[in-house]
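Analysis of the macromolecular model
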Amino acid sequence: MAAIRLPPEDNDTIQARQPATGDLISDDDRSVAADSWSIKSDYGSTLDDDQRHADATEALSVAINRAASDYSSDKEEPDVEPVTSMLGFQSYWDAAYADELANFHEHGHAGEVWFGAGVMEMVASWTKSLCVDICKGQLSNHHDDSISSWSVLDLGTGNGLLLQELAKQGFTDLTGTDYSEGAIDLARNLANRDGFTNIKLLVDDALETKLDRRFRLVTDKGTLDAIGLHPDGPIKRIMYWESISRLVAPGGLLVITSCNCTKDDLVQEVDNFNQRRASASQEHEAPPFRYLDHIRTYPTFAFGGSVGSRVATVAFQRN
């Protein structure tokens with residue numbers, strides 16, 4: 001389920017070309033697409049590779065022909081049929097994490113590391129650098145002495161390993177939520193085993209959150225991707241942004257990591273949300289979010305004659 005990314009022009013502009021699908025989806029292509037979601041690692045796994053590859057193939061056959069502006073409300077051509085998958089349903093994740101939890105108790109494995117351990121570590125260190133810059137007053141008016149004072153929320157935390165990486169970077173006020181109770185059970189077991197007892201873990205649906213506080217840093221590693229794969233994905237994505245806007249504190253950061261969206265896709269989606277908010281408001285307010293930065297150092301792969309990255313990580317700042 002990997003989006004096609006072409007080499008950017010002027011380091012920022014990505015222009016999508018649409019190759020013919022025909023004979024392009026080889027076994028290797030299926031592996032690339034599946035591994036964008038779930039890269040095998042030393043953490044171990046019990047998920048079925050054949051099923052994951054089948055899901056990826058189905059989504060990939062549609063995603064190849066998807067233009068980067070699919071989520072733009074301003075385009076004149078008819079909307080492309082959204083990509084859907086079993087990964088968009090809570091029942092899939094409940095079953096997956098039940099397997100992972102059983103595997104943990106039997107073998108001590110942490111389970112799948114979505115996008116791979118290397119991406120997770122890069123997201124954590126890059127996010128820390130952004131926060132440190134903000135603390136130094138280089139990107140905003142905040143002047144905190146240390147990132148240890150930052151409140152952090154990881155949406156759709158899964159096994160909670162991203163929170164552990166953020167803890168290693170110096171963050172201490174850490175909360176993870178997931179709508180799957182099995183995911184939270186696994187994350188708690190791993191946090192206790194690995195000595196991260198300060199991480200708070202809660203069962204909560206990001207689209208109908210019951211959290212009553214705002215966070216200085218909100219991270220999303222694959223949650224928006226999964227939401228978009230539900231048959232009602234377009235509507236749920238709108239709900240996602242409404243919910244996110246209530247969770248990120250003014251001046252705070254939202255860091256999204258995706259394998260289904262390019263950097264430009266995510267920027268466009270935020271622009272669309274900002275426009276909806278402006279249209280609904282009778283007052284002239286600043287847009288809720290602004291693009292801040294994105295990771296530019298991910299490895300690339302060749303697909304269908306094009307070269308791009310499997311993953312995009314983009315940071316937005318709450319106004």
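Now for a look at the structure at hand. (Residues numbered from 1 in each chain as written. Predicted model: local features only at pLDDT ≥ 70, side-chain atom pairs only at ≥ 80, totals over all residues. Heavy atoms only, no water.)

**Observations concerning the packing of aromatic side chains**
Worth spelling out the cut-off: Note on aromatic contacts: the rings of Phe and Tyr and the six-membered ring of Trp form a pair at centre separations within 6.5 Å, being stacked when their planes are under 30 degrees apart, edge-to-face when over 60 apart, and tilted otherwise. The way it works is that DSSP assigns letters per residue, a run of H or I at least four long becomes a helix, a run of E at least two long becomes a strand, and they are numbered from the N terminus. Note on exposure labels: buried denotes an accessible area under 20% of the residue type's maximum, exposed denotes more than 50%, and partly exposed covers the range between, all computed with a 1.4 Å probe on protein chains only. A ring has a charge above it when a Lys NZ or an Arg CZ is no more than 6 Å from the ring centre and no more than 35 degrees off the ring normal.
Enumeration over the complete set of coordinates arrives at eight aromatic pairs. Centroid distance phenylalanine 273 to phenylalanine 289: 6.3 Å. Interplanar angle 45 degrees. Geometry classified as tilted. Of this pair, phenylalanine 273 sits in helix 9 (residues 263-280) while phenylalanine 289 is found in strand 8 (residues 289-294), placing the two residues 16 residues apart along the sequence. Taken as a pair, phenylalanine 273 and phenylalanine 289 share a single burial class, namely buried. Among the aromatic residues, those joined into a ring-pair cluster are Tyr240, Trp241, Phe273, Phe289 and Phe316. In this structure, arginine 216 is placed above the aromatic ring of tryptophan 150, and the distance from its NZ or CZ to the ring centre is 3.9 Å. The positively charged end of arginine 318 is found above the aromatic ring belonging to phenylalanine 289, 5.5 Å away from the centroid.

**Looking at helix 4 (residues 117-135)**
Which entries qualify depends on this criterion: An expected span of 1.5 Å times one less than the residue number is assigned to each helix. Any two residues whose heavy atoms approach within 4.5 Å are treated as being in contact.
In a regular helix each residue adds 1.5 Å, so 19 residues correspond to 27 Å; helix 4 covers 27 Å between its end C-alpha atoms and thus fits that length. Among all positions of helix 4, only Ala117, Val119, Met120, Val123, Ala124, Trp126, Thr127, Leu130, Cys131, Ile134 and Cys135 are buried. Elements in contact with the buried residues of helix 4: strand 2 (113-114), helix 5 (161-168), strand 6 (215-221), strand 7 (248-258), strand 8 and strand 11 (312-318). Of the residues flanking the end of helix 4, it is glycine 137, one or two places downstream, whose phi is positive at about 80 degrees.

**Re the side chain of aspartate 220**
Using the following cut-off: Positive charges are assigned to Lys and Arg, negative charges to Asp and Glu, while His and the chain termini are left out of the count. Salt bridge, as applied in this entry: a Lys or Arg side-chain nitrogen positioned within 4 Å of an Asp or Glu carboxyl oxygen. Any pair of nitrogen or oxygen atoms within 3.5 Å is treated as a polar contact; in protein, a donor-acceptor pairing is required on top of that, and neighbouring residues in sequence qualify only through side-chain atoms on both sides.
Inspection of the secondary structure assignment puts aspartate 220 in strand 6. Despite its burial, aspartate 220 remains without a salt bridge, the nearest opposite charge being carried by arginine 237 at 8.4 Å. Within the structure, the side chain of aspartate 220 is placed 2.5 Å from the side chain of tyrosine 240, a separation counted as a polar contact. The contact partners of aspartate 220, leaving out residues within four places of it in the chain, are Asp154, Leu155, Tyr240, Val255, Ile256 and Thr257.

**Regarding the pairing of strand 3 (residues 151-155)**
This is how it is decided: Strand pairing is assigned whenever DSSP identifies at least 2 bridges connecting the two strands. A clockwise path from the first strand over the helix to the second, with the strands pointing away from the viewer, defines a right-handed crossover.
With five of five residues buried, strand 3 lies mostly within the body of the structure. Covered by surrounding structure in strand 3 are Ser151, Leu153 and Leu155 together with Val152 and Asp154, the residues of both alternating faces. Judged from the five bridges that link them, strand 3 and strand 4 (residues 173-178) form a sheet pairing that is parallel. Opposite leucine 155, over in strand 4, you have threonine 177 as the bridge partner. For the handedness criterion, the β-α-β arrangement of strand 3, helix 5 and strand 4 is classed as right-handed. Pairing between strand 3 and strand 6: four bridges, direction parallel. When the sheet's bridge partners are listed, valine 152 is paired in strand 6 with leucine 217.

**Comments concerning unusual backbone geometry**
Unusually for a residue other than glycine, phenylalanine 115 sits at a positive phi of about 75 degrees. Tracing the sequence through the fold places phenylalanine 115 in the loop between strand 2 and helix 4.

**Examining the sheet that holds strand 6**
Basically, it comes down to this: Axis lines are fitted to C-alpha atoms, over the contacting stretch for helices. Their N-to-C directions set the angle, which ranges from 0 to 180 degrees.
Read from one edge of the open sheet, seven strands run 5-4-3-6-7-11-8, paired in mixed fashion. Because the sheet does not close on itself, it has two edges, and the strands there are strand 5 (200-203) and strand 8. Ignoring which end each strand starts from, the neighbouring axes of this sheet average 20 degrees apart. Bridge analysis of strand 6 against strand 7 gives six bridges, and the strand direction is parallel. Paired with phenylalanine 215 across the bridge in strand 7 is valine 248. On top of the sheet, helix 5 reaches strand 3, strand 4, strand 5 and strand 6; it is set at about 170 degrees to strand 4, its chief contact.

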